[in-house]
Amino acid sequence: MSVVLAEKMKVILDGETLSLEQVVAVARYGAKVDLQPIAKEKVLKSRLFVDQLIEGNKTVYGITTGFGMFSNVLISKEDAKKLQRNLIMSHATGVGEPLAPEVVRAIMLLRANALAKGFSGIRLTTLETLLKVLNAEIIPVVPEKGSLGASGDLAPLSHMVLVLLGEGEAFYRGRRMSGQEALAQAGIEPVVLEGKEGLALINGTQVMTAIAALAVWDAEILWESANITAALSFEALEGILDAFDPKIHAVRPHQGQVNVAEQIRSLTEGSTFVAGEQRPRVQDAYALRCVAQVHGPSGDAVAYVKKAVETEMNSATDNPLIFPDQQEVLSGGNFHGQPLALAMDFLGIAVAELANIAERRLERLVNPNLSGLPAFLTPDGGLNSGFMIVQYSAASLVSENKILAHPASVDSIPSSANQEDHVSMGTIAARKARSIIENTSHVLGMELLAACQGVDLRSGKEDLRLGKGSEGAYKLVRSKVGMLREDRVMYPDIAIAKELVSSGKLVNQVRLKLVK
């Protein structure tokens, strides 16, 4: 996505059509947000029905009753406001480091989008204040830990809402300050919550969904980047292209597998690095030969997760839900994060596999017994260690991913005196997936550097030509990082390569090369 275009984009919420691209534009590039007129009408209609329920002293969960185990405790009309404020104050129990500003911005956007559907009973003025805070670039301090993923993300969302009330803490204009000071500096009046509003603001899955939305966006880029780094390694190791013949994949037509095989063929088209007919072996090791069969399912997994996340982004996930047209208030379980918990565990596993096989390709590149290249990709081994410890670092990240990939969703623990007796752990799953993506970006960056080094060492022996797509990747890397001729401090090189991989710059460069 172009930064310029993202900054100019204005996102208009209707509760139904929010896209991943729009989430990224708001979260990472500060695109402004507003409500569609039809959304405002739905919010007003829903709120009118809630006001009627309060005025009529109707017994409705979370509006005229307590919460969780206290759902049998009736609350008077006079105490309705205090009930909602107490809810936020008591539920703000998160711990740990603050979530990244981009995640918090995505949380506010997604919560606003859910409220814009008109099933939550919030006042329009309260929703508009949430958007004012978002557009003013006030970032509530939201601790990363404390959510069970049902009933939604209660603790972290409460920290977000504290700032709307002039409580809690926020980052504003480069400083951490009280929520009251941030609102005052931005000229925004604090909210005084009315009946149902506190519950409407915190009873949902927007924290896990925000993390998930950014993660799946990054995972799509990472998957395509992994195909590029694999192609470069394949050429540096003189791989045999037979494994990517379309006839092989036509008889096992998993879509991701077919797509990867096609990409590898396109990336390596015209390459003279790949093994020709006069080759010393008939087939490659799995890390090369099975790229399509390993990367492909990860691509399919990302596609599945993307669909789940996009559905959740445009869902009403609080409880109870207000249906003004039917004059009903229904209690259910849309706050339960299981759809995202399973999806994010799946995403973490799928991305971890990209790192697993990339590290094996990296090992083949540095191992002279497997590569036919100088040991550890250095022309003067012994005096120089070359890429020896790069592979150590990659192995460390891969092993950490294996621990992180253990599913969070298989765990549950009862809460609220067993009223809430099964929870999703979806926010933990999302946070873990985000960490796996970060680790994998580093591993692919390391493979990218090693593959380019292997290409340099291989091409030094004879006049060779890279493939149509991989040549673009190689030239991009070499415009930023020179060949390693003797040992130097390598972490800056790794950081540069990682940024090329995770930002989408590598992908965009190769796409441009392939369309020419």
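Read on for an overview of the structure. As the structure is a computational prediction, the values presented were derived from the model and not from experiment.

It is worth spelling out the environment of A341 at this point. Along the chain, A341 falls in helix α15 (residues 338–366). Classification of A341 by relative accessible area gives buried; the value is 0%. Spatially, the C-alpha atom of A341 lies 23 Å from that of S120, the residues being 221 residues apart in sequence. Every residue in contact with A341, bar those within four places of it in the chain, is listed here: S409, S424, G426 and A429.

Before going further, it helps to examine unusual backbone geometry. Negative phi characterises most residues that are not glycine, and trans characterises most peptide bonds. Of the consecutive residues A150 and S151, the connecting peptide bond is found in the cis state with omega at 5°. Of note, the amide linkage connecting N319 to P320 takes the cis form, showing an omega dihedral of 0°. Among the structural elements, P320 can be located in the loop between α14 (291–313) and β8 (321–323). At R173, a position not held by glycine, the phi torsion is positive, near 55°. One non-glycine residue, F376, lies in the positive phi region at around 55°. Tracing the backbone through its elements, the reader meets F376 in the loop between α16 (368–371) and α17 (388–404). The class for F376 is partly exposed, based on a relative accessible area of 29%.

Before going further, it helps to spend a moment on the packing of aromatic side chains. Scanning the model with the defined rule gives three aromatic pairs in all. On the numbers, 5.4 Å between centres and 80° between planes, the contact of F234 with F244 is edge-to-face. With F234 in helix α10 (residues 206–236) and F244 in the loop between α10 and α11 (246–250), this residue pair connects regions lying 10 residues apart in the sequence. For F234, a relative accessible area of 1% puts it in the buried group. Overall, F244 belongs to the buried group, its relative accessible area being 1%.

Here is what the cut-offs are and how they apply
Residues numbered from 1 in each chain as written. Predicted model: local features only at pLDDT ≥ 70, side-chain atom pairs only at ≥ 80, totals over all residues. Heavy atoms only, no water. Helix = DSSP H or I, 4+ residues; strand = E, 2+ residues; numbered from the N terminus. Buried < 20%, exposed > 50% of the residue type's maximum accessible area, 1.4 Å probe, protein only. Contact = heavy atoms within 4.5 Å. Phe/Tyr/Trp six-rings, centres within 6.5 Å; stacked < 30°, edge-to-face > 60°.

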